[in-house]
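Residue-level listing of the chains:
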Amino acid sequence: MPIYTAIAIVIGVLIGNFYANHFAGHKVSLINTSSNKLSDLLHIIGDEYVDSVSISDLVEKALPQILKELDPHSTYISAEEAEASMQDLKGSFSGIGVQFTIYDDTIRIVKVISGGPSDRAGLRAGDRIVTIDDSTYVGSDITNDETMKRLKGPADTQVKLGILRSGSTDLLSYDISRGSVPVKSIDAHYMIDKETGYIRINSWGDTTYSEFIAAMRTLNNKGLNNLIIDLRGNLGGYLTAATQLANEFLPAGRLIVYTEGRRYPREDFKSDGRGSYQDMPLVVLVDETSASASEIFAGAMQDNDRATIVGRRTFGKGLVQIPFEFRDGSIVRLTRARYYTPSGRCVQKPYTPGDEEAYENDLLDRAEAGEYFNPDSIKTNGEKFKTRLGRTVYGGGGIIPDHFIGRDTIGYTSYFKDVVMNGQMATFAYHFVDKHRDALEECRKYTDVINYLKGFDYIDEFATFADQRGTKRRNLMIMTSRTLMERFLTSYIISDILDTQDAVEFTNLTDPTVLKALQIIRNNEAFPRYDKAAAQSRHTSTKVTPYATSPGRSSQLVCIAGRKRYRFLWC
């Protein structure tokens, strides 16, 4: 019997190998062979290459190149970058609680978070950091990344700062214990008129839903009857946050989004009917930098005919990533599924695997085609879908708004473009605030800042400032762009001396997209109109399959198009 049993086991193994190799497409052997090739190559390089090589550095450089061959959003994030890349989504990070910029080869504190570690220690806006842990830290070689590395760190660890303060000749020393610093995903909420609230969401993170509920509670106490949600510049985040917010506005049983992939069965996300704002008029603002989770929310509102979408065509990211963490703390975000709006649209724009440059240049290509100024220039793949009421919407890349608002080009010149893109306007704003800090700190709201600025010809002062830093003065262009420059500089100055919300309130006064949203609400057009003829033919030419619910796994899904670039950095 033992002999017969052994023979049976051997035969079973042989048969199993035969079927695995011949009927599974040689996948096991292919993977083993390929991985051995990579491993063997690294060994050969380590043993035989003419110069000494860091194999770990080689692997770090190779991984992004491998993932690039899959799609534009499967990415590798090193351990050093992992925490920074996720801090917007987590809602906090560990640091000293200041916003800084590098100006004249010195770290300048722009803002101090109220109640944070630096605030408790006594740091102030305008302070200059000249030493870190008793080492001099000034000069042309200091960088944002190195500064972040030195000032951030695990909670309860200490950093010693040497501070130069205006009005003091002595170097002030501060020992600061690092702690949790909040990162808000809602940076502005206020009543834009007596009945209409405005909320700007800059990312979709762990705290977005709770921040939204708190903001709505504040607005409700001020007479809220209508709402504008601004998603312009919001590159995405967690799918869960977008579906939670969509649930607040939809009746029970409405499909919000569904995801599906080769190894990822279809999963539907539906509203549960518990939303508190199902009947509130809503307008959603989007543009070409609204991506992924922002497109999920906008698509759910559009396809369910729940809100009017205003702005320009969104980014066009319909791929969902799941993060996989390595033991060293590095992360691979691997695309595992596509997401689809309720009408069946996948908003992912076309891409060629490996051609990252063409994908990155898409927004520039749109500009050259005139899409930002003329809705007739918007390119779609022609595939039509229907909303619940039968309105036609298109697939093939992004959410096309119900009302197009082109970019405002009045006063736009090459001089204005240069001073914005090279950061000189933002730098001058800090310079101006620092020069007039004592007087500006008396301002309590943005109207106070506007009144203070009336006493200065700060446009001429800026032109001199920029000229001294390499941007030649162009008087005719400055005259043409004067109104635009005043608006930008005033906004920067308000943001630096007060906060982001005050700057948003100021810019919204003349923002054509916001003004259009207000017009729609006041004309009672926030809810899309019912079209009987269109409704009779709804869902024709769609690809919607029967809805099927499945257990939620949304907490693992990351929908983000890329990293943001800030004028100033938090640490």
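Scoring rules and cut-offs
Residues numbered from 1 in each chain as written. Predicted model: local features only at pLDDT ≥ 70, side-chain atom pairs only at ≥ 80, totals over all residues. Heavy atoms only, no water. Helix = DSSP H or I, 4+ residues; strand = E, 2+ residues; numbered from the N terminus. Buried < 20%, exposed > 50% of the residue type's maximum accessible area, 1.4 Å probe, protein only. Areas by Shrake-Rupley, 256 points an atom, 1.4 Å probe, with all protein chains shown as cover. Salt bridge = Lys/Arg side-chain N within 4 Å of Asp/Glu carboxyl O. Axes fitted to C-alpha atoms, helices over the stretch in contact; angles between N-to-C directions. Parallel < 35°, antiparallel > 145°, perpendicular 65-115°, else oblique. Left-handed = near helix turned anticlockwise from the far one by under 90°. Contact = heavy atoms within 4.5 Å. Core = buried A, V, L, I, M, F, W, Y, C linked by side-chain atoms within 4.5 Å. Patch = residues over 30% accessible without salt bridge, like charges linked within 9 Å, V, L, I, M, F, W, Y side chains within 5 Å. Phe/Tyr/Trp six-rings, centres within 6.5 Å; stacked < 30°, edge-to-face > 60°. Nonpolar A, V, L, I, M, F, W, Y, C, P; charged D, E, K, R; others polar. Expected span 1.5 Å × (residues − 1). Arc of directions from axis to C-beta. pLDDT = per-residue confidence, 0-100.

### Some points on the overall build of the protein
For the protein, the count of helices and strands is 20 helices and 24 strands. Considering the protein as a whole, with its 571 residues, one finds that 46% of them fall into the buried category. Summed over its atoms, the accessible surface of the protein is roughly 28900 Å², and 51% of this surface lies on carbon and sulfur atoms.

### Notes on the pattern of salt bridges
This model, assessed by the stated rule, comprises 26 salt bridges. Here R313 makes a salt bridge to E371, at a shortest N to O gap of 2.9 Å. Pair noted here: R313 is in the loop between β17 (308–311) and β18 (319–325) and E371 is in the loop between α11 (362–369) and β20 (384–386), with a separation of 58 residues, a long-range link. Each member of the pair, R313 together with E371, is buried. Salt bridges linked by common partners bring R313, K349, D362, R366 and E371 together as one network.

### What to know about the packing of helix α8 (residues 239–247) against helix α9 (residues 293–303)
Axis separation between α8 and α9 bottoms out at 8 Å; the angle between their running directions is 25°. The orientation of α8 relative to α9 falls into the category roughly parallel. Both α8 and α9 take part in a crossing whose hand is right-handed. From α8, L239, A242, L245 and A246 reach across to α9, where they touch A293, I296, F297, A300 and M301.

### Structural notes on the nonpolar core
Within the largest apolar cluster, 43 residues are counted, with the highest numbers of intra-cluster contacts made by L227, F297 and M301. It is α9 that provides the largest number of residues to this core, a total of 6 residues. Not counting residues up to four positions away in its chain, the partners in contact with F297 are W204, I229, L231, A242, L245, A246, F249, L282 and V284.

### A closer look at a nonpolar patch on the surface
On the surface, a nonpolar cluster with roughly 370 Å² of combined accessible area is contributed by Y49, V50, V53 and L58. Within the secondary structure, V53 is located in the loop between α2 (27–48) and α3 (55–68). Among the residues examined, V53 registers a relative accessible area of 34% and is labelled partly exposed.

### Overview of the packing of aromatic side chains
Summed over the entire model, instances satisfying the criterion amount to 20 aromatic pairs. Ring geometry for F249 and F297: centres 6.2 Å apart, planes at 80°, overall edge-to-face. Residue F249 is located in the loop between α8 and β14 (255–261), and its partner F297 is located in helix α9; the two are separated by 48 residues in the primary sequence. The exposure class of F297 is buried, given its relative accessible area of 0%. For the pair F488 and Y492, a centre-to-centre distance of 6.4 Å together with 80° between the ring planes defines the contact as edge-to-face.

### Describing the packing of helix α16 (residues 458–468) against helix α17 (residues 475–497)
Packing of α16 against α17 brings their axes to within 10 Å, and their N-to-C directions diverge by 100°. Between α16 and α17, the angle falls in the class roughly perpendicular. Here Y458, I459, F462 and A463 of α16 lie close against α17, whose contacting residues are I478, R482, M485, E486, L489 and T490. Grouping the amino acids of the contact of α16 with α17 by side-chain chemistry returns 7 nonpolar, 1 polar and 2 charged.

### Some remarks on helix α7 (residues 208–220)
Between the first and last C-alpha of α7 there are 18 Å, a value that for 13 residues agrees with the 18 Å anticipated at 1.5 Å per step. Within α7, the full set of buried residues consists of T208, E211, F212, A215, M216 and L219. The arc enclosing the buried residues of α7, seen along the axis, measures out at 135°, which places them on a common side. At its buried positions, α7 is contacted by β10 (186–191), β11 (196–201), β12 (226–230) and α8.

### A few points about the environment of T500
Counting through the fold element by element, T500 comes out in helix α18 (residues 500–508). On a C-alpha basis, the gap between T500 and D187 in space is 6.5 Å, while along the polypeptide they are 313 residues apart. Beyond its immediate stretch of four places on either side in the chain, T500 contacts K111, D187, R200 and S495.

### Here we look at the confidence of the model for the protein
Caution applies to low-pLDDT parts of the model: their predicted coordinates are not meant to be read in detail. Per-residue pLDDT for the protein has a mean of 86; in total, 86% of the residues score no lower than 70. Throughout residues 563–567 the model reports pLDDT below 50, and contacts reaching past four residues in sequence, or to other chains, amount to 14 contacts.

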